[in-house]
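# Structural features, examined
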Amino acid sequence: MKFYKNLYVGDTVKKPGKAIKKLKRHKIQPGLYVIAYDGDTGQLVIYHSQMLSQWYYKENPPACIVGLANGREEAFDVIERIAKEAVAATGQAQLVTYLSGMDPENFQDAHAANTQPRLESQPFTVK
């Protein structure tokens, strides 16, 4: 599990270091939400921390965890803070581009894989 080097932490998250350790060990944290970069869609996604303890996410963790928040509303506040920083720095609301510029080593593989052109699937026909 990769974490953003300048991890965004909500105002009510106490002991973020402890929360990170528990996330790495897949321990239950009832009120904790995770803001992560999803390499498949190329977008930021909000997960409840308990989702990351499911077998699928143990084998396929998010590309990079960008932020932590107590509650879904606070997770939206953290994303809003990221958006304001991105607009102030670049003049655009391209959050993933802004974050990958700030921490290229954590976004390098996932962002590059997402920018590759995708092959269009052929329709299936029955003869």
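That block above? That's the structure.
Here goes a summary of the coordinates provided. Predicted model, so just to flag it, every value in this text is computed and none were measured. (Residues numbered from 1 in each chain as written. Predicted model: local features only at pLDDT ≥ 70, side-chain atom pairs only at ≥ 80, totals over all residues. Heavy atoms only, no water.)

### Structural notes on the overall build of the protein
Tallying secondary structure elements over the protein gives 5 helices and 4 strands in all. Ordered by position from the N terminus, the helices and strands of the protein form the series β-α-β-β-α-β-α-α-α. Residues counted as buried form 37% of the 127 residues belonging to the protein. (Helix = DSSP H or I, 4+ residues; strand = E, 2+ residues; numbered from the N terminus. Buried < 20%, exposed > 50% of the residue type's maximum accessible area, 1.4 Å probe, protein only.)

### Considering the environment of Gly10
In this structure, Gly10 sits in the loop between β1 (3–9) and α1 (16–24). Counting along the chain gives 58 residues from Gly10 to Leu68, while the straight-line C-alpha distance between them is 6.1 Å. If we ignore the near neighbours within four places in the chain, the residues touching Gly10 are Leu68, Glu74 and Val78. (Contact = heavy atoms within 4.5 Å.)

### Overview of the pattern of salt bridges
Using the criterion set out here, one finds 1 salt bridge in the structure. Between Glu80 and Lys84 there is a salt bridge, with its nearest N and O atoms 3.4 Å apart. Of this pair, Glu80 and Lys84 are both found in helix α3 (residues 72–90), 4 residues apart, which corresponds to roughly one turn of the helix. Exposure remark for Glu80: the relative accessible area of 42% places this residue in the partly exposed category. (Salt bridge = Lys/Arg side-chain N within 4 Å of Asp/Glu carboxyl O.)

### Considering the nonpolar core
In this structure, Tyr8, Ile35, Leu44, Ile82 and Leu99 are the most contacted members of the largest nonpolar core, which totals 19 residues. For this core, the element with the highest residue contribution is α3, accounting for 5 residues. Excluding anything up to four places from it in sequence, Ile82 contacts Tyr8, Val66, Leu95, Tyr98 and Leu99. Counting residues in each nonpolar core, the second largest holds 13 residues, with Leu23, Val34, Leu52 and Leu68 among its members. (Core = buried A, V, L, I, M, F, W, Y, C linked by side-chain atoms within 4.5 Å.)

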